[in-house]
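Structure assessment
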Amino acid sequence: MADLPNNFWSGWIIVITTTSLLALAWLVVSIYFFPHKNRPRPNHEEQPVWDDNLREGTAAPPLWWFWLILGTMIFSVVYLMLYPGLGSYKGMLEWSQDSRLASSYGNYSNQFEQKRKAITQRTIEDLQNDIVLMDTAHGIFARNCAACHGAEGRGQASLFPDLKDNDWQWGGSPEQIEQTIRQGRIANMVGWQGILGDDGTAQLAEYVLTMTAPRAKQHPGKEKYAQLCVACHGIKGNGNQQLGAPKLADDIWLYGGSANDVETSIASGRNGIMPAFAGRLDDTQIRLLVAWLTR
């Protein structure tokens, strides 16, 4: 309520709230304390009767109703004086959810700051041997990473890589993994369909799938690989972690390792984006994630 876009809506809320309270107060007082001389008295002979002697009349409601309504009105007025509720008025206590959250987070930081700092100074091996911290790291992974990489980091949907196979596109050292988490990654492979055509794409895909076999030396796709792919993936298909170019000379394929899948990758290209988590996770959480991913 304290962050309304302009003074008009703030004033409008104040007017509506104040008018409603005053109208309710006038209604209650008029019913209980002002005489109603002109109010017609009902004809009991024409009125229906309930439970032998209960009829509609002109008597005011029980007096305890008055005290109940008066008490709630006093409470409302005191509440609106102390807390936000009247437009942009912040209340005498200046309470807000943001300040409450900031206060709670400040108390949490003061209580656990030293413990969290100590975690960042421990070695990866030491963290991996701590069962409690690894359970904590698994929880961090589940909240931030499992949606893409799966509950246990095994990848999914032939779109998100397996993080437990020791095959890292951008490097698998703790330092490289931490950099990936902090800064994110953007991978981009162009499509070669326009240059290779259908036959050339099929030949290149077949060579990539058999490039470690002895017969691959005479394969017609080898020349195409040397012209278009070596710069990123290397002569022997070992990839380039600095460029994020994956290794091709193994059986691990992010987008599928069938002939059709590889042809699709070559023809249309591939694009992958991992968002940066530096602004979402702190140093302690990132350190625990690195330890969990490399154990």
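In this report, we go over the structure that sits alongside the text. (Residues numbered from 1 in each chain as written. Predicted model: local features only at pLDDT ≥ 70, side-chain atom pairs only at ≥ 80, totals over all residues. Heavy atoms only, no water.)

Time to look at the packing of helix H5 (residues 131-144) against helix H12 (residues 283-294). Running from N to C, H5 and H12 cross one another at 100°; their axes reach a closest spacing of 9 Å. Here H5 lies roughly perpendicular to H12, going by the angle between them. Residues Leu 133, Met 134, Thr 136, Ala 137, His 138, Ile 140 and Phe 141 of H5 pack against Gln 285, Leu 288, Leu 289, Ala 291, Trp 292 and Leu 293 of H12. Along the lines of polarity and charge, the residues of the contact of H5 with H12 split into ten nonpolar, three polar and no charged. (Axes fitted to C-alpha atoms, helices over the stretch in contact; angles between N-to-C directions. Helix = DSSP H or I, 4+ residues; strand = E, 2+ residues; numbered from the N terminus. Parallel < 35°, antiparallel > 145°, perpendicular 65-115°, else oblique. Contact = heavy atoms within 4.5 Å. Nonpolar A, V, L, I, M, F, W, Y, C, P; charged D, E, K, R; others polar.)

Note on terminology: disulfide describes a covalent bond linking the sulfur atoms of two cysteines. Inspection of every chain in the model, using the stated rule, returns zero disulfides. No disulfide involves Cys 145; its nearest neighbouring cysteine sulfur is the one of Cys 148, lying 8.5 Å away. You can see Cys 232 has no disulfide; the closest cysteine sulfur is in Cys 229, sitting 8.4 Å from it. Judged by relative accessible area, Cys 232 falls into the partly exposed class, the value being 38%. (Disulfide = S-S within 2.5 Å. Buried < 20%, exposed > 50% of the residue type's maximum accessible area, 1.4 Å probe, protein only.)

Let us now look at the pattern of salt bridges. Two side chains with opposite charge may pair up if their charged atoms get near one another. Considering all chains together, one arrives at five salt bridges under this definition. We note a salt bridge from Asp 130 to Arg 122, for which the minimum N-O separation is 3.5 Å. Beyond isolated ion pairs, a larger network of salt bridges with shared partners links Arg 122, Asp 126 and Asp 130. (Salt bridge = Lys/Arg side-chain N within 4 Å of Asp/Glu carboxyl O.)

Turning our attention to the packing of aromatic side chains. The description of an aromatic ring pair rests on the distance of the ring centres and on the angle between the ring planes. The full count for this structure, using the stated rule, is nine aromatic pairs. Ring centres of Phe 66 and Trp 67 lie 5.0 Å apart, and the angle between their planes is 70°; on these two criteria the pair is classed as edge-to-face. Judged by relative accessible area, Trp 67 falls into the exposed class, the value being 52%. Measuring from ring centre to ring centre gives 4.7 Å for Phe 141 and Trp 292, while their planes differ by 40°; the resulting arrangement is tilted. Pair noted here: Phe 141 is in helix H5 and Trp 292 is in helix H12, with a separation of 151 residues, a long-range link. Of the two residues, Phe 141 and Trp 292, both sit in the buried class. Here a set of aromatic residues connected by ring pairs shows up, and it is made of Phe 75, Tyr 79, Tyr 83 and Trp 95. One Lys or Arg, Lys 164, reaches over the ring of Trp 292 and ends 4.0 Å from the middle of that ring. (Phe/Tyr/Trp six-rings, centres within 6.5 Å; stacked < 30°, edge-to-face > 60°. Lys NZ or Arg CZ within 6 Å of the ring centre and 35° of its normal.)

Let us look at unusual backbone geometry. A positive phi angle is found at Ala 157, which is not glycine, with a value near 65°. Positionally, Ala 157 belongs in the loop between helix H6 (146-149) and helix H7 (174-183). Residue Ala 157 is classed as exposed on the basis of its relative accessible area of 58%. Unusually for a residue other than glycine, Asn 166 sits at a positive phi of about 65°. With respect to the helices and strands, Asn 166 occurs in the loop between H6 and H7. On the basis of relative accessibility, which here comes to 69%, the residue Asn 166 falls in the exposed class.

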